[in-house]
Amino acid sequence: MNQTLLLFFIAAACAACSDAPASGKRSAECYVRYLKPENQLFAEAVLREAVPGKADPQPFIPAGGVRYGGTLMREVPLQGSPAYRLEQTGGYADEHEFTWSDEQKRPHSVKVNLSAITAFAFNTDSLVRHTPATFTWTGTPLDPGETLVLIWERTTDRTTVPMEIIGTPGQTSIEFPAAQLAKIEPGTWVLYIVRKKTVQSDVHGTSVVCTAEYYSGVDTVTMIER
């Protein structure tokens, strides 16, 4: 996987956590990423609250910390504010839950469900530029709020071409128009998929945004000019 591109995705997610203003008294931004090739999971949460006399939201630190999947996350600095992080290896579970408690010991919980993509393929062994093709995957259909990002990486020079797809809920295949595939030059490419979902909710007056990303395994695709 292209490390520069991966760092871009991580930086974008962290920026969303660090720059999002509180829409109410308190806000929480949660993020989880799973890398299938490495069987590695990364989770992060940032909690803030509006404080009278302060222009910017201030950190909110729950007494019992923040947990992901029942495991206590470690507290780390993030641009001057505390964040909660967890890294682990192992198998993948579709459900991602962050929990914490407020001063009244009321439990706060946010969940996002994101299914894995266990396999994917085009309807032809070799793709032809300027020719449409059908892309399918093994896994559940797209849910509302989900997107797919196809990451193409050329094997000769590691040039990357991302293609974001906002599909229709219920889809299990994507029809790629010729204009899209024309963006991929002839040659051998490594392809992997990022399945992404963002949910927003209100938990006891706390505005919550939670994003989950699943990075699939890789496949090799040949593009030819005809």
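Reading the values: rules and limits
Residues numbered from 1 in each chain as written. Predicted model: local features only at pLDDT ≥ 70, side-chain atom pairs only at ≥ 80, totals over all residues. Heavy atoms only, no water. Pairing = 2+ DSSP bridges. Helix = DSSP H or I, 4+ residues; strand = E, 2+ residues; numbered from the N terminus. Axes fitted to C-alpha atoms, helices over the stretch in contact; angles between N-to-C directions. Core = buried A, V, L, I, M, F, W, Y, C linked by side-chain atoms within 4.5 Å. Buried < 20%, exposed > 50% of the residue type's maximum accessible area, 1.4 Å probe, protein only. Contact = heavy atoms within 4.5 Å. Polar contact = N/O pair within 3.5 Å; in protein donor to acceptor, adjacent residues only side chain to side chain. pLDDT = per-residue confidence, 0-100. Phe/Tyr/Trp six-rings, centres within 6.5 Å; stacked < 30°, edge-to-face > 60°.

On the basis of which strands lie adjacent, the open sheet formed by 3 strands has the order β10-β12-β15 and antiparallel pairing. Edge strands, defined here as strands with exactly one partner in the open sheet, are β10 (119-122) and β15 (173-176). In this sheet, adjacent strand axes meet at a mean angle of 15 degrees when their direction is disregarded. Taken together, the 4 bridges between strand β12 (residues 133-138) and β15 define a ladder with antiparallel strand orientation. Looking at β15, one finds that Ala133 is bridged to Phe176.

Core analysis: the largest hydrophobic core is formed by 48 residues, its most contacted members being Phe98, Trp100, Phe122, Phe135, Leu150, Trp152 and Phe176. Per element, the largest residue contribution to this core is 6 residues, and it comes from strand β17 (residues 206-224). Filtering out sequence-adjacent residues up to four positions away, Trp100 remains in contact with Ala28, Leu47, Phe60, Pro62, Gly65, Val66, Arg106, Pro107, His108, Val110, Thr206 and Val208. If you look at the next biggest cluster of nonpolar residues, it comprises 6 residues, including Leu35, Val149, Tyr192 and Val194.

Our next topic: the side chain of His108. Locating His108 in the fold gives a position in strand β9 (residues 107-113). For His108, the side chain forms a polar contact with the main-chain oxygen of Arg106, separated by 3.0 Å. Contact partners of His108, with chain neighbours within four places excluded, come to Phe98, Thr99, Trp100, Ser101, Asp102, Val203, His204 and Thr206.

By the bridge criterion, 10 bridges tie strand β1 (residues 26-35) to β17 in an arrangement that is parallel. Across the sheet, Ser27 pairs through a bridge with Ser207, a residue of β17. In this sheet, β17 lies alongside strand β11 (residues 126-128) in parallel orientation, the contact comprising 3 bridges. The partner of Ser126 across the bridge, within β17, is Thr222. When strand β16 (residues 187-203) meets β17, the two strands line up antiparallel, connected through 16 bridges. Along β17, the bridge assignment pairs Asp202 with Ser207. In this antiparallel pair of consecutive strands, β16 and β17, the connection spans 2 residues, and His204 shows a positive phi of 50 degrees.

Attention shifts here to the sheet that holds β9. One open sheet accounts for 4 strands, arranged β5-β4-β8-β9; its pairing is antiparallel. The two strands at the open ends of the sheet, each matched to only one other strand, are β5 (71-72) and β9.

We note that Lys105 has phi near 65 degrees; this positive angle belongs to a residue other than glycine. Relative to the helices and strands, Lys105 is located in the loop between β8 (95-101) and β9. The class for Lys105 is exposed, based on a relative accessible area of 72%. At Arg158, a residue that is not glycine, the phi angle is positive and equals roughly 65 degrees. By secondary structure assignment, the location of Arg158 is in the loop between β13 (146-154) and β14 (160-165). With a relative accessible area of 46%, Arg158 lands in the partly exposed category.

Here Tyr84 lies in strand β7 (residues 81-89). The exposure class assigned to Tyr84 is buried, which follows from its relative accessible area of 2%. The spacing of Tyr84 and Leu47 is 37 residues in sequence and 8.9 Å in space, taken between C-alpha atoms. If we ignore the near neighbours within four places in the chain, the residues touching Tyr84 are Ala43, Glu44, Ala45, Phe60, Ile61, Pro62, Gly65, Val66, Met73, Arg74 and Glu75.

Mean pLDDT over the protein works out to 87, with 89% of the residues at or above the 70 mark. Per-element averaging of pLDDT across the protein places helix α1 (residues 3-19) at the bottom with 45 and strand β4 (residues 67-68) at the top with 97. In this model residues 3-24 is a low-confidence stretch, pLDDT under 50, and it forms 34 contacts with partners more than four residues away in sequence or in other chains.

The next subject is the packing of aromatic side chains. Scanning all chains against the criterion turns up 12 aromatic pairs. Measuring from centroid to centroid gives 5.9 Å for Phe122 and Trp152, while their planes differ by 35 degrees, and the two rings are tilted. With Phe122 in strand β10 and Trp152 in strand β13, this pair connects stretches of sequence that are 30 residues apart. Site record: aromatic cluster; members linked through ring pairs are Phe120, Phe122, Phe135, Trp137, Trp152 and Phe176.

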